[in-house]
Structures are given as C-alpha cells and as structure tokens.
Amino acid sequence: GAGVSQSPSNKVTEKGKDVELRCDPISGHTALYWYRQSLGQGLEFLIYFQGNSAPDKSGLPSDRFSAERTGGSVSTLTIQRTQQEDSAVYLCASTRDRGRGEQYFGPGTRLTVT
Amino acid sequence: AQRVTQPEKLLSVFKGAPVELKCNYSYSGSPELFWYVQYSRQRLQLLLRHISRESIKGFTADLNKGETSFHLKKPFAQEEDSAMYYCALNPPGGSYIPTFGRGTSLIVHP
C-alpha cells in the first residue's frame, strides 16, 4: 500500500511568514510523529499523536510551532512567524499502534527560511 | 532520561573493509533498539531491529546489555552502503517517544 506522504516536498518562505506542512500517514496507523532533521543534530522529536488522545507536545521548540491531526489521520504542522533557524527538513512518521515497533517515515519537507 | 549516543559523525572506509558503527544507549530497562538508514535522496527506513536478530544487506547488530551497546557491523563494506545511519531506542513502557542518535554518515570509497 501507499507509504507516508508529505507535502510540499520543498518550501521556501520569507522570515516572518507562516507555513503549513502536511503529513498523510499510512492508513490504519494510529500513531503519528513529527521530527525535525538538521545537519549534525539528528532527529529532534517535535510532537506525537496517538488516536484521539491529547498529543504529546513536549518536543515543540517554541509556541510558534503547533500541530493538529484531523479525524485521526492527516496532520498539519504549522510554524508561525518563521525564523531562519527553523530551516530544516521536517519528517513525519507513523506506527501501527501506540508507537511500538518500526517507524515508517515520509519523504520529508525541506523548509528554507530566507 | 534515555539517551542514544553515536560517537562518530563520519566514518570513512574503503570497499571491502569491515565497518562498525557504534551506538551506546542509556536506559535502565530493556528497550527496543533499531538501526535506521537513509540513502541519498531516499526516505529514512528501518534497517534492522534487535528483537529480530536478522542480517539485512550483510549488516548485523548485537545488543550488549552489559555494555549498553548496539553496534552495527558489516564484514565487507560496499559502495552502496554509503548512507546516513541512525540508532534509535524505544522505551518499553510509558513514554512512546523514541530517542534517536545524531547519526553517523558512512562513506565507502571504491
């Protein structure tokens, strides 16, 4: 079946603008994660959704970052008033149940803030 | 708090040489451990997990609970092994947030 998809694949925005990044997980996967991948920094956890439970937002770096997941499926990560340090690849991953086992990653969105 | 350490940012070897990518973790229980790989212009994907005890693309990784290590090894590196490798830990209970190492870039020269 189809894997995790993300859009857009690339996004260039001006400092101060808002951006929305979209993730479509594998059908039936109840757990969804957002990560930020920066050169030399590895994968930085941002937020975790499990079914209809309240998300774990403990990794969000500032209140400019927010995310929602509608209907337990598609998720949107929003970054308000973007800064240059927000430039990175944003990865989405899903797992079958409660975050156990293998993570299935999307191709990522490369965000460049100019 | 759990932690995953990959001490090498970059590992450079010649084709046919043995390769070992190091991963050390700190966690008091019995976590799930994984190696993920990202080839150039491809998405991050699972390479292997410790519970399956399998060899994938010639790579193996043994969990050493005494040394809290999960090093990835291959006896004879190939050019197509050049990629970014991440070690990851899933805690067994409570938190469902995996911890990833910072990654090791493996370059295999011809």
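Calculation notes
Residues numbered from 1 in each chain as written. Chains lettered and ligands numbered in written order. Predicted model: local features only at pLDDT ≥ 70, side-chain atom pairs only at ≥ 80, totals over all residues. Heavy atoms only, no water. Helix = DSSP H or I, 4+ residues; strand = E, 2+ residues; numbered from the N terminus. Rg over C-alpha atoms; globule rule 2.2 N^0.38 Å. Buried < 20%, exposed > 50% of the residue type's maximum accessible area, 1.4 Å probe, protein only. Disulfide = S-S within 2.5 Å. Contact = heavy atoms within 4.5 Å. Buried area = accessible area lost by both parts, 1.4 Å probe. Salt bridge = Lys/Arg side-chain N within 4 Å of Asp/Glu carboxyl O. Polar contact = N/O pair within 3.5 Å; in protein donor to acceptor, adjacent residues only side chain to side chain. Core = buried A, V, L, I, M, F, W, Y, C linked by side-chain atoms within 4.5 Å. Phe/Tyr/Trp six-rings, centres within 6.5 Å; stacked < 30°, edge-to-face > 60°. Pairing = 2+ DSSP bridges. Axes fitted to C-alpha atoms, helices over the stretch in contact; angles between N-to-C directions.

Q: Explain the overall build of chain A to me, please; I cannot follow it from the model alone.
A: Check the secondary structure of chain A and you find zero helices and ten strands. Across chain A, helices and strands are ordered from the amino to the carboxyl terminus as β-β-β-β-β-β-β-β-β-β. Against the globule reference of 13 Å for 114 residues, chain A gives a C-alpha radius of gyration of 13 Å, in line with a compact fold. Its C-alpha atoms put chain A at 40 × 25 × 25 Å along the principal axes. Of all 114 residues assigned to chain A, the portion counted as buried reaches 48%.

Q: Even after reading the chapter, I still don't get the state of the cysteines, so can you show me in this structure?
A: Evaluated as defined, the whole model comprises two disulfides over all chains. One disulfide in the model links Cys23 of chain A with Cys92 of chain A; its S-S distance is 1.8 Å. Of note, the bridge from Cys23 of chain A to Cys92 of chain A carries an S-S torsion of about -60° and is left-handed in sense. Of this pair, Cys23 of chain A sits in strand S3 (residues 19–24) while Cys92 of chain A sits in strand S8 (residues 88–95), and the two are 69 residues apart along the sequence. Assessed through its relative accessible area of 0%, Cys23 of chain A is described here as buried. Overall, the relative accessible area of 0% leaves Cys92 of chain A in the buried class. Between Cys23 of chain B and Cys87 of chain B runs a disulfide, and the two sulfur atoms are separated by 2.0 Å. Disulfide Cys23 of chain B-Cys87 of chain B: torsion about the S-S bond near -65°, hence left-handed. Within this pair, whereas Cys23 of chain B is found in the loop between strand S3 (19–21) and strand S4 (24–26), its partner Cys87 of chain B is found in strand S9 (residues 83–90), the two being separated by 64 residues in sequence. Given a relative accessible area of 0%, Cys87 of chain B falls into the buried group.

Q: Would you take a moment to explain the interface of chain A and chain B for this structure?
A: Many analyses report the size of an interface as the accessible area lost when the parts associate. Listed per partner, the contact involves 22 residues of chain A and 19 residues of chain B. Summed over both sides, the interface of chain A with chain B buries roughly 1,800 Å², with 51% coming from carbon and sulfur. Contact with chain B buries surface across chain A, with Arg100, Glu102 and Phe105 of chain A losing the most and accounting together for 30% of the total. Where chain A touches chain B, the interface holds one salt bridge. Note that Glu102 of chain A is salt-bridged to Arg49 of chain B, the shortest N-O span being 3.3 Å. Applying the counting criterion to the chain A and chain B interface returns nine residue pairs in polar contact (both at pLDDT 80 or more). When contributions to the side of chain A that touches chain B are tallied by element, the ones reaching two or more residues are strand S4 (31–38) and strand S5 (42–50) of chain A.

Q: Explain the nonpolar core to me, please; I cannot follow it from the model alone.
A: Nonpolar side chains in soluble globular proteins tend to end up buried together. Residue and element names in this part refer to chain B. Trp35, Leu72 and Tyr85 are the most contacted members of the largest nonpolar core, which totals 24 residues. Mapped by element, the contributors of at least two residues to this core are strand S2 (10–14), S3, strand S5 (32–38), strand S6 (45–49), S9 and strand S11 (104–109). Sort the elements by how many residues they give to this core and S9 lands first, with four residues.

Q: Is there a simple way to explain the packing of aromatic side chains in this structure?
A: For any two aromatic rings, the description comes down to two numbers: the centre-to-centre distance and the angle of the planes. Under the defined criterion, the tally for this structure stands at eleven aromatic pairs over all chains. A ring pair is formed by Tyr48 of chain A and Tyr96 of chain B, whose centres lie 6.3 Å apart and whose planes are at 45°; its orientation type is tilted. Note that Tyr48 of chain A is positioned in strand S5 and Tyr96 of chain B in the loop between S9 and strand S10 (99–100), a pairing that runs across two chains. Taken together, the aromatic side chains of Tyr33, Tyr35, Phe45, Tyr48 and Phe105 of chain A together with Phe34, Tyr36, Tyr96 and Phe100 of chain B make up a single cluster linked through ring pairs.

Q: Can you help me understand the sheet that holds strand S1 (residues 5–7) of chain A in this one?
A: Two pairing modes exist for strands in a sheet, parallel and antiparallel, and in both the strands are linked by backbone hydrogen bonds. Residue and element names in this part refer to chain A. Strand order across the open sheet formed by four strands is S1-S3-S7-S6, with antiparallel pairing between neighbours. The two strands at the open ends of the sheet, each matched to only one other strand, are S1 and strand S6 (65–69). Strand-to-strand twist of the sheet, defined as the mean angle between neighbouring strand axes without regard to direction, takes the value 15°. Note: S1 against S3, three bridges, orientation antiparallel. Across the sheet, residue Ser7 finds its bridge partner in S3, namely Arg22.

Q: Looking at this structure, I do not really get the pattern of salt bridges. What am I missing?
A: Proximity of charged atoms lets side chains of opposite charge pair with each other. Inspection of every chain in the model, using the stated rule, returns eight salt bridges over all chains. Asp24 of chain A serves as the salt-bridge partner of Arg22 of chain A, at 3.7 Å between the closest nitrogen and oxygen. By relative accessible area, Arg22 of chain A is classed as partly exposed at 40%. With a relative accessible area of 26%, Asp24 of chain A lands in the partly exposed category. Residue Glu20 of chain B pairs with Lys73 of chain B through a salt bridge whose shortest N-O separation is 3.6 Å. Separated by 53 residues along the polypeptide, Glu20 of chain B in strand S3 and Lys73 of chain B in strand S8 (residues 72–74) bring together distant segments of the chain. Note on Lys73 of chain B: relative accessible area 40%, which makes it partly exposed. Because the salt bridges share partners, they merge into one network encompassing Glu20, Lys22 and Lys73 of chain B.

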